[in-house]
Amino acid sequence: MFVDTQTETSMRSLANVRHEVFWLDDPTRPVARPPLQAHITADLCVVGGGFSGLWTSVLAKQQHPDWRVVLLEGDQVASGATGRNGGFCAASLTHGLANGMSRWPGEMPILLQLGRENLDAIEVFVADHGIDCEFVRSGDLAIATEAYQVADLIEHCEAGNALGLSLEFLDEESLKSRVDSPTYLAGLFDGAGTAMVNPARLAWGLARVATDLGVEIHEHSPVSTMSDKLAAVSVFTISGSVAASRVALATNAYPPLLRRISNYVVPVYDYVLMSEPLRGEQRALVGWDGREGLSDSGNQFHYYRITEEGRILWGGYDAIYHSGNGFGKEHEVDDASFQRLAAHFFQTFPQLAGLEFTHAWGGAIDTCSRFSAFWGNAHGGKTVYVTGYTGLGVGASRFGAQVMLDLLAGRETARTKLQMVRRKPKPFPPEPLRSIGIDWTTRALKSADRNFGRRNLWLRTLDRLGLGFDS
Ligand SMILES: Cc1cc2nc3c(=O)[nH]c(=O)nc-3n(C[C@H](O)[C@H](O)[C@H](O)COP(=O)(O)OP(=O)(O)OC[C@H]3O[C@@H](n4cnc5c(N)ncnc54)[C@H](O)[C@@H]3O)c2cc1C
């Protein structure tokens, strides 16, 4: 059980931390492309320069080289969740096996196959285009730190392997021989299902390929309004507009351009620390020779991984909602969350006492009640959107983009036949019920973590209704 008590070690580890996103603090960060300053037409206008928008524009140009494709990004490419995440690029399209099994049991074989093909395609794309984003298909390890979680891992292992995955249950000794922590009881290794990436560099690589294909990218071009003009949808920024026959909205947890989306998505803030590079002897103390990504198994969980340079990224646990779908830069720094993360880090790795964190940041997660992407349209089908990845969109966003292009083309594919694609999540209630419900749920999840995973009546009721809250 993680405790929030600060120690001298955890406090000292944050003494020199900078409130900056590590991935964006990179000398290779491209200079911003000029904003839109004209009134133009396009075959496709994409709004949002994160993974969803970038994949949409690249895949659109690959499918239709003759299309004029314009991408409008309000800030800079990768400045949203895409440049702030843990870099776990997962095959899962359903926010994990258990969530997928609970919602679309009959579709899981095809969802797993499409997810694997999606991750394979990302790997090939990165190699073919020489994108230097530290892509490594190292797999991931789910960790049990409480006795009751061991049984869950065994059950998960059996369920996954029955569906054709190659999951490996690791007992305490074999787990600790891979990565050592006094808190570890058992682990579940999925060697093929996840790659680790430097997410900002992957996004910048995608933007480079998009530009080479002829996509016109304008940064610092926030879209303020849209209007339907029968043959086209006009998309307006402060200094220009695009009249496009098709529009793809890829704005994730940001305040949506279509108000109806905010019924289904709440921005939830998640926080991350990045350590200085481990010295050889420090790395030997944890024995973490591989690059696999790790996460512990509570409702409130940490995710962590090691970079090529040997830094540990440690994030998660808190998932903070600000009432009224509160969104903004002021929520990206939260000292209490950073301190909690540091305290939990040294409970996991006491042998690393003395290690310092160099970067600390936060970002908004597009949480929906079913924890996985959903799609919709507007303006008679000329505009489509994807959002709702709930913290697992690095890989799934390419699939999200493919579905948007299927929907814009009006074509039926293996993707658009899926219940997961055809149905939306259950909406969140309006405020103040939304804040009250999220608060109750967060408290109940914390209490379940303290009580051997036992879910109280409130959580069991939500489970029955297929409603949830996660990051
Ligand atoms: C802290 C954190 C850790 C995470 N860790 C992981 C992880 O390890 N693995 C994983 O799979 N997922 C993770 N995620 C989630 C993952 O980052 C996202 O699912 C994914 O990046 C979503 O990409 P996107 O393109 O849909 O959204 P974003 O990257 O948020 O892009 C949306 C873009 O739209 C732009 N925009 C918004 N409104 C407008 C407008 N009106 N006009 C113009 N532009 C606009 C924004 O500026 C932004 O660049 C994490 C998220 C966070 C915040």
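Residues numbered from 1 in each chain as written. Predicted model: local features only at pLDDT ≥ 70, side-chain atom pairs only at ≥ 80, totals over all residues. Heavy atoms only, no water.

Asks: Could you clarify how one ought to interpret the nonpolar core in this entry?
Replies: Across soluble globular proteins, nonpolar side chains have a tendency to be buried as a group. Ranked by size, the top nonpolar core spans 79 residues in total, and within it L44 and W375 carry the most contacts. For W375, the residues in contact, after removing those within four places along its chain, are R370, Y385, V386, F399, G400, V403, M404, L407, M420, V421 and K424. If you look at the next biggest cluster of nonpolar residues, it comprises 33 residues, including V17, L170, L355 and A364. (Core = buried A, V, L, I, M, F, W, Y, C linked by side-chain atoms within 4.5 Å. Buried < 20%, exposed > 50% of the residue type's maximum accessible area, 1.4 Å probe, protein only. Contact = heavy atoms within 4.5 Å.)

Asks: What am I meant to see in the pattern of salt bridges here?
Replies: Two side chains carrying opposite charge are able to pair once their charged atoms lie near each other. Tallied over the full model, the rule gives 21 salt bridges. Linking R178 and E292 is a salt bridge whose minimum nitrogen-to-oxygen distance equals 3.1 Å. Here the residue R178 occupies a position in helix α6 (residues 172–178), and E292 occupies one in the loop between α8 (280–286) and β15 (293–296), the gap between them amounting to 114 residues. Taking relative accessible area as the criterion, R178 reaches 26% and is therefore assigned partly exposed. E309 is the salt-bridge partner of R311, the closest N and O atoms lying 2.8 Å from each other. When its relative accessible area of 12% is taken as the criterion, R311 is described as buried. Judged by its relative accessible area of 47%, E309 is partly exposed. (Salt bridge = Lys/Arg side-chain N within 4 Å of Asp/Glu carboxyl O. Helix = DSSP H or I, 4+ residues; strand = E, 2+ residues; numbered from the N terminus.)

Asks: What is the right way to look at the site of the ligand in this model?
Replies: The environment of the ligand is formed by 37 residues, the closest being S52, E73, T82, F88 and V223. Take F51: an N or O atom from its main chain is 3.0 Å from an oxygen atom of the ligand. A81 places a main-chain nitrogen or oxygen 3.1 Å from an oxygen atom of the ligand. When residues of the shell around the ligand are traced back to their parent elements, those giving at least two are α2 (51–63), β14 (266–275) and β19 (357–367). The greatest single-element share of the shell around the ligand, amounting to three residues, is contributed by β19. In the shell around the ligand, the residues fall into 17 nonpolar, 17 polar and three charged. (Near = heavy atom within 4 Å. Polar contact = N/O pair within 3.5 Å; in protein donor to acceptor, adjacent residues only side chain to side chain. Nonpolar A, V, L, I, M, F, W, Y, C, P; charged D, E, K, R; others polar.)

Asks: What is the right way to read the pairing of strand β10 (residues 225–229) from this model?
Replies: A regular strand places its side chains so that they alternate between the two faces of the sheet. Relative to strand β11 (residues 232–237), β10 is paired through five bridges, and the arrangement is antiparallel. By the bridge assignment, S227 is partnered in β11 with S234. (Pairing = 2+ DSSP bridges.)

Asks: Would you take a moment to explain the sheet that holds strand β13 (residues 247–249) for this structure?
Replies: One open sheet accounts for six strands, arranged β9-β3-β2-β13-β21-β20; its pairing is mixed. The open sheet is flanked by β9 (216–218) and β20 (374–378), the only strands paired with a single partner. On average, each strand axis in the sheet is inclined to that of its neighbour by 15°, with strand direction left out of account. Where strand β3 (residues 69–72) lies against β9, three bridges are found, and the strand directions are parallel. The residue of β9 that forms the bridge with V70 is E216. Against the sheet, helix α10 (residues 396–409) engages β2 (44–47), β13, β20 and β21 (383–387), with an angle of about 160° to β21. (Axes fitted to C-alpha atoms, helices over the stretch in contact; angles between N-to-C directions.)

Asks: I tried to follow the side chain of S13 on my own but got confused; where do I start?
Replies: By the secondary structure assignment, S13 is in helix α1 (residues 8–13). Judged by relative accessible area, S13 falls into the buried class, the value being 1%. There is a polar contact of 2.6 Å between the side chain of S13 and the backbone oxygen of S10. Setting aside residues no more than four positions away along its own chain, S13 makes contact with A342, F346, L355, E356 and F357.

Asks: Is there a simple way to explain empty space enclosed by the protein in this structure?
Replies: Rolled over the atoms, a probe with the dimensions of a water molecule shows which regions are left empty. This structure, assessed with the given rule, holds four cavities of 30 Å³ or more. If you add up the space inside the largest cavity, you get close to 120 Å³. What lines the largest cavity is a set of 11 residues, among which N299, Q300, Y317, A319 and L445 lie closest to the centre. Its residues assigned to classes, the lining of the largest cavity shows five nonpolar, five polar and one charged. Considering only enclosed or pocket space, the second largest cavity measures out at about 70 Å³ in volume. (1 Å grid on protein atoms, 1.4 Å probe; cavity = no way out; pocket = protein on both sides within 12 Å on 5 of 7 lines; lining within 4 Å. Points joined across faces, edges and corners; volume = space filled by probe spheres on them.)

Asks: Quick question: what am I supposed to make of the packing of helix α4 (residues 108–128) against α10 here?
Replies: Working note: a packed helix pair is described by the angle between its axes plus the distance between those axes. Taken N-terminus to C-terminus, the directions of α4 and α10 make an angle of 105°; their axes are 9 Å apart at the nearest point. Classified by the angle between their axes, α4 and α10 sit roughly perpendicular to one another. Facing α4, whose interface residues are L114, N118, A121 and I122, α10 presents A396, R398, F399 and Q402. In terms of residue class, the contact of α4 with α10 is built from five nonpolar, two polar and one charged. (Parallel < 35°, antiparallel > 145°, perpendicular 65-115°, else oblique.)

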